[in-house]
Amino acid sequence: MNRTTLSLIAGATALAAVTGFAAVTSPDTSAPDATATAAELPVERTSLTCPTPSVSDLAETTYTSFTPVTKGTGSDGKAELRPAVTESTDGEDAKDGKGGKDGKTGKASGKGEKEAKAFLTAKEPGKPLAEDVSGSDSPALVGTADGKFAPGWTVQQTTEVAAGTGRGLLGAACTAPDTDFWFPGASTAADRTDYVHLVNPDDSAAVVDIELYGRDGALETTTGEGITVAPHSDDPVLLSTLTTEKLDNVTVHVSVRSGRVGASVQALDDKLGGDWLGASVDPAGSLVIPGIPKDATAVRLIAFAPGDADADLKVRLASPTGQITPAGNETLHLKAGMTGAVDLGDVMRGEPGSLVLTPTGRSVPVVAAVRVVRGKGAGQETAFIPATRPVGTRATVVDNRAKGTTLSLTAPFGAAEVKVTASAGSEGGTPATKSFTIKAGTTQQVEAPVPSGLKGTYALTVESVSGGEVHGARTITDAQDGVSAFTVQTLPDDRGTVAVPKADQDLSVLQQ
């Protein structure tokens, strides 16, 4: 085999190992018009991890799985979610306990184990499938999808907690395992209980470092280095056990020395409820944080510059009529390695919007997120929105309901046209599609389509048609005994296709 062929195979293998994505179908180079350009082909396999949803006995969690219909896939395949534990051959779980407040988790024994039974198995692309669980016994889940189920596979876990710390509506899109994550917006303060959940989907242990950064730089941590995450387990690490400093605004950096994990932060507040804090997009000079609800009563921006240079950012709010500057917060200066935060108050003033961060001069990579509060007094609730990738070719969000679902789209740098498709309902209903034009520099809370005859929940898929980049977010609201319960999920590109180079000759005949 020649060196070129070996390199292509090695590259595809590395891509599959790190991200869970792989497209191994070779393009047809026999056609006379084959060129050296890349072809976009559907991925053939992907994986996701879902953290343990709650330790509350009052928790009610719904998992929803969905794959949009994608052209060019085969007719077979499957998508399954399984508990992130192994089972002993005598029928008992091969683990010695559940994750608790000290951040410890059960470990598989490594003897007499078998794969856990499937928790949820998708039936067909284009139709969501939901499963409900109750209480605190719900484990973390890991899953894989291949064939026709792989491109754009999306899973959402939505949890309602009636009372206690973190009460309210908590939502998270299950994440692909990776090796590097940034979470601006966490806290080690006394009124917060924040966990970093590390889910290892693989057969070998992963070794992880957790670094914390506050307003004055890196925090001294006691046990944040070399954390071993056992195979097929979820290790919830309580942030306040890693440092003695009590800070409201902390940036968490999760880096993996060996293996890979899915990572997310569960942020629980004694008075303001709680939600999941997803990872920010990779450090970049310009960031977009979409879909801040119009009735937000308080908005806090948290940002961090991970390099060696300070960052100076313009802060703009993309409103329905255009970009405006928040009064008194025209710019944000970030010292290198230090977390910066600014309270924007009730900046929304009854209109939906998105924050657009751009460099005032030299571009310096940063990460960012916002904490959003709705309601007043004892009825307040919190959610988090990280900076996110554009919708790109296609993005999907699931567990949408007939009532309480809103979709916000922003075109920060140029007008754009998108197509929004509502899938069939999980229990019945006919798909529907609408097209929207988003003006440059604006955020629009669009009237998204709803399946006709809807029964159950449905998925919303946003596809770019023309124009500039679009960022999106979906909000679910659900009033609970006077509490303004809500959760927000962003819509990053689903990376359901991969570029595979075409060749104008058969390189396999070349010799070393």
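About the thresholds
Counting restarts for each chain, with residues numbered from 1 along the sequence as it is written. Reporting of local features is limited, given that this is a predicted model, to residues whose pLDDT is at least 70; pairs of side-chain atoms are given and counted only at 80 or more, and all residues count toward the totals for whole chains, interfaces and linings. The basis for every side-chain value is the complete set of non-hydrogen atoms in the structure, without hydrogens or water. Only DSSP runs of H or I with at least four residues qualify as helices, and only runs of E with at least two residues qualify as strands; both kinds are numbered from the N terminus onward. A simple rule labels every residue: compare its accessible area, found with a 1.4 Å probe on the protein chains alone, to the largest value its type can have, and call it buried under 20%, exposed over 50%, or partly exposed in between. We call two residues in contact when some of their heavy atoms are within 4.5 Å. Using a 1.4 Å probe, accessible areas were evaluated by the Shrake-Rupley method; residue-level cover was limited to the displayed protein chains. Polar contact is defined as a pair of N or O atoms within 3.5 Å, subject to the rule that within protein one atom must be able to donate a hydrogen and the other to accept it, and that residues adjacent in sequence are counted only when both atoms are side-chain atoms. Strand pairing follows a simple DSSP-based rule, namely that at least 2 bridges must link the two strands. In these notes, a set of buried Ala, Val, Leu, Ile, Met, Phe, Trp, Tyr and Cys residues joined through side-chain atoms within 4.5 Å is what counts as a nonpolar core. Two cysteine sulfur atoms form a disulfide, by the criterion used here, when they sit within 2.5 Å. Whenever Lys or Arg places a side-chain nitrogen within 4 Å of a carboxyl oxygen from Asp or Glu, that contact is recorded as a salt bridge. Interaxial angle, 0 to 180 degrees, is taken between N-to-C directions of lines fitted to C-alpha atoms, where a helix line uses only the stretch in contact.

Draft legend 1. Representation of the overall build of the protein in the model. Within the protein, the secondary structure is distributed over one helix and 40 strands. Scored against the burial criterion, the 512 residues of the protein give a buried share of 52%. Long-range contacts, defined here as pairs at least 24 residues apart, represent 81% of the contacts in the protein between residues at least 6 apart. Accessible surface computed for the protein: about 21,600 Å², of which carbon and sulfur atoms make up 49%.

Draft legend 2. View of the side chain of His471. Tracing the backbone shows His471 in strand β38 (residues 471-477). Polar side-chain contacts of His471 include one of 3.3 Å to the backbone oxygen of Thr388. At 2.8 Å, the side chain of His471 and the side chain of Glu469 are in polar contact. Once residues within four sequence positions are removed from consideration, His471 is found in contact with Val288, Pro290, Thr388, Arg389, Pro390, Val391, Ser408, Leu409, Thr410 and Pro412.

Draft legend 3. Structural view of the pairing of strand β19 (residues 262-269). Within β19, eight of the eight residues are buried, leaving the element largely enclosed by the surrounding structure. Burial along β19 is two-sided: the residues Gly262, Ser264, Gln266 and Leu268 and Ala263, Val265, Ala267 and Asp269 are all buried. Pairing between strand β13 (residues 192-200) and β19: eight bridges, direction antiparallel. Within the sheet, the bridge partner assigned to Val199 lies in β19 and is Gly262. Bridge analysis of β19 against strand β20 (residues 273-277) gives five bridges, and the strand direction is antiparallel. Bridge pairing in β20 links Asp269 to Gly273. Adjacent in sequence and paired antiparallel, β19 and β20 are bridged by three residues.

Draft legend 4. Looking closely at the nonpolar core. Counting residues in hydrophobic clusters, the biggest one holds 31 residues, and the most contacted among them are Ile289, Ile292, Val299, Leu301, Leu334, Leu355 and Val370. Not counting residues within four places of it along the chain, the set of residues in contact with Val370 comprises Ile289, Ile292, Val299, Arg300, Leu301, Leu355, Ala383, Phe384 and Ile385. Counting residues in each nonpolar core, the second largest holds 27 residues, with Val196, Val208, Leu212 and Leu277 among its members.

Draft legend 5. Focus on the environment of Val237. Structurally, Val237 is set in strand β17 (residues 233-238). Residue Val237 is classed as buried on the basis of its relative accessible area of 7%. Remark: the alpha-carbon pair of Val237 and Val265, spanning 28 residues in sequence, is separated by 9.4 Å.

Draft legend 6. Quick peek at the state of the cysteines. Enumeration according to the criterion identifies one disulfide in this entry. With a sulfur-sulfur separation of 2.0 Å, Cys50 is cross-linked through a disulfide to Cys174. Handedness of the Cys50-Cys174 disulfide follows from its S-S torsion of about 110°: it is right-handed. Taken together, the positions of Cys50 in strand β2 (residues 45-50) and Cys174 in the loop between β11 (168-173) and β12 (180-186) put the pair 124 residues apart, joining distant regions of the chain. We note that Cys50, like Cys174, is buried.

Draft legend 7. Geometry of the pattern of salt bridges. Taken as a whole and assessed by the stated rule, the structure comprises nine salt bridges. Between Arg300 and Asp343 there is a salt bridge, and its shortest N-O distance comes to 2.8 Å. Taken as a pair, Arg300 in strand β22 (residues 296-304) and Asp343 in strand β26 (residues 339-345) lie far apart in primary sequence, 43 residues in all. Taking the relative accessible area as the measure of exposure, Asp343 reaches 51% and is therefore exposed.

Draft legend 8. Here's a closer look at the sheet that holds strand β37 (residues 458-467). Strand order in the open sheet formed by four strands is β30-β37-β32-β34, and the pairing between neighbours is antiparallel. Either end of the sheet is taken by a strand with one partner, and the two such strands are β30 (394-400) and β34 (432-438). Each adjacent strand pair in this sheet contributes to an overall mean axis angle of 20°, direction not counted. Here β30 pairs with β37 via five bridges, running antiparallel. Across the sheet, the residue bridging to Ala395 is Val462, located in β37.

Draft legend 9. Just the sheet that holds strand β10 (residues 154-161), in detail. Here we have four strands laid out as an open sheet, ordered β8-β3-β10-β11, and antiparallel in their pairing. Only two strands of the sheet have a single neighbouring strand rather than two, namely β8 (129-134) and β11. Across the sheet, the axes of successive neighbouring strands diverge by a mean angle of 15°, strand direction being ignored. As judged from the six bridges shared by β10 and β11, these two strands associate in the antiparallel manner. Bridge pairing links Thr159 to Leu170 in β11.

Draft legend 10. View of unusual backbone geometry. Even without being a glycine, Arg349 presents a positive backbone phi close to 50°. Here Arg349 is to be found in the loop between β26 and β27 (353-359). Even without glycine at this site, Arg495 takes up a positive phi of about 50°. By secondary structure assignment, the location of Arg495 is in the loop between β39 (486-490) and β40 (497-501). Judged by relative accessible area, which is 43%, Arg495 ranks as partly exposed.

No statement about biological role is implied by the geometric values presented.
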